[in-house]
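# Structure assessment
Below, each chain spelled out in residue letters.
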Amino acid sequence: YGKVNGRNARLFYTEQMNEDYHEVLVLDADIRKALQRNEFELYYQPQIDVTSGDVIGLEALIRWHHPKKGPISPAKFIPLAEESGVITQIGEWVINEACRQHREWVNQGFVPIRIAVNVSAIELQRVDFADQVAEIMHQTKMDPRYLEIEITENSVMQNTEDCIQTMNTLKQMGISLSIDDFGTGYSSFGYLKQFPIQYLKIDQSFIRSALKEQSSAAIVKAMIQLAHNFGLKVIAEGVEDKDILHLLQLESCDYYQGYYFSRPVAAQVVQDNVLKRKIN
Ligand code: C2E
Ligand code: MG
Ligand code: MG
Ligand code: MG
């Protein structure tokens, strides 16, 4: 907990920080137990081809069913897990579970579909991250063509050289990479061409305001054009109605995700409603 360390600790140490620190510790202990007790689950949100309407992929999103506190949002516990370091174990569980599920679906005769997992900056910065992923893929017999790793632009910007090297290794392994929440961070367009990525995910804040604000619509349009100039496919996040989908069709966006098509759902629901069986 860096901020409380060091010479200036007393100056900056406040009641609020005390509470925050306590919360991190409690959650850290809870998360370690949760991993052992199988309290985590992956939900999947379909990604749709804007033109054909076909499901082209699934984003895996973690869910925590806390025995006492009920469901806890990843928006709440992922940042705490990053702070305590336990994100490493969560991340390993997530990739393993996504690959295991994919293998199970393939074994059951479903047409394989790409699965995207979210990876946080702390995981990406580990020197053994790519090795860890390779080991999981080997164990689960996951075909790397069906694995996608989502990284936020801020996480790449924290340790750019090393991150790009890890990303290159992952790409060489056959995994695809995407930049998540694009537009919310502080990476410049200039950096984009250095990243060995295939997909750009436009953050939902731009998508949501695109119909209300001329400026957001212009930003969305510019991002799509820029990504296409770099040879990237664009995924719009947070599509909640058909008006915004129409706008995305007009601007030649490639894919979208959002409540309009489906919320994130349990594996069984994906299997029953989204996946297709192989013909023979
Ligand atoms: P994200 O990766 O940008 O995921 C998109 C979030 O937007 C998800 O929230 C999803 O449920 C939500 N969403 C999708 N469509 C719509 C829509 O049409 N409207 C609205 N209002 N929301 C929509 P969720 O599942 O709560 O996850 C929040 C964030 O937590 C994720 O943002 C991601 O940064 C993080 N996260 C989730 N699962 C993992 C994980 O396994 N590992 C890591 N490191 N982070 C994760
Ligand atoms: Mg994501
Ligand atoms: Mg996102
Ligand atoms: Mg996000």
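Residues numbered from 1 in each chain as written. Chains lettered and ligands numbered in written order. Predicted model: local features only at pLDDT ≥ 70, side-chain atom pairs only at ≥ 80, totals over all residues. Heavy atoms only, no water.

If you look the chain up in an unreviewed UniProt entry, it shows as PAS domain S-box-containing protein/diguanylate cyclase (GGDEF)-like protein from Streptohalobacillus salinus.

### Quick notes on the side chain of Thr 160
Inspection of the secondary structure assignment puts Thr 160 in helix α8 (residues 160-172). Exposure remark for Thr 160: the relative accessible area of 13% places this residue in the buried category. Reaching out from Thr 160, the side chain makes a polar contact with the backbone oxygen of Val 156 at a distance of 3.3 Å. Leave out the neighbours within four places in its chain, and Thr 160 touches Tyr 191 and Phe 195. (Helix = DSSP H or I, 4+ residues; strand = E, 2+ residues; numbered from the N terminus. Buried < 20%, exposed > 50% of the residue type's maximum accessible area, 1.4 Å probe, protein only. Polar contact = N/O pair within 3.5 Å; in protein donor to acceptor, adjacent residues only side chain to side chain. Contact = heavy atoms within 4.5 Å.)

### Observations regarding the coordination of the magnesium ion (ligand 2)
The protein atoms donating to the magnesium ion (ligand 2) are Glu 59 (OE), Asn 118 (OD1), Glu 150 (OE) and Asp 180 (OD), with metal-donor distances spanning 2.0 to 2.2 Å. Mapped onto the sequence, the residues coordinating the magnesium ion (ligand 2) show the spacing E-x58-N-x31-E-x29-D. Distance-wise, the magnesium ion (ligand 3) is placed 4.1 Å from the magnesium ion (ligand 2), both being coordinated by Asp 180. Of this pair, Glu 59 sits in strand β2 (residues 55-66) while Glu 150 sits in strand β5 (residues 147-152); the two residues are 91 residues apart in sequence, bridging distant segments of the chain. Each member of the pair, Glu 59 as well as Glu 150, is classed as buried. (Donors = N, O, S within 2.8 Å, 3.2 Å for Na, K, Ca; no water.)

### What to know about the pairing of strand β8 (residues 233-236)
Looking down a regular strand, the side chains alternate between one sheet face and the other. Across four bridges, the pairing between strand β7 (residues 199-202) and β8 is parallel. Bridge pairing in β8 places Tyr 199 opposite Lys 233. In this structure, β8 lies alongside strand β9 (residues 255-256), joined through two bridges in parallel fashion. Within β9, the position partnered with Ile 235 by the bridge is Tyr 255. The parallel pair β8 and β9 is bridged by helix α12 (residues 242-250), and the resulting crossover is right-handed. (Pairing = 2+ DSSP bridges. Right-handed = clockwise from strand over helix to strand, strands pointing away.)

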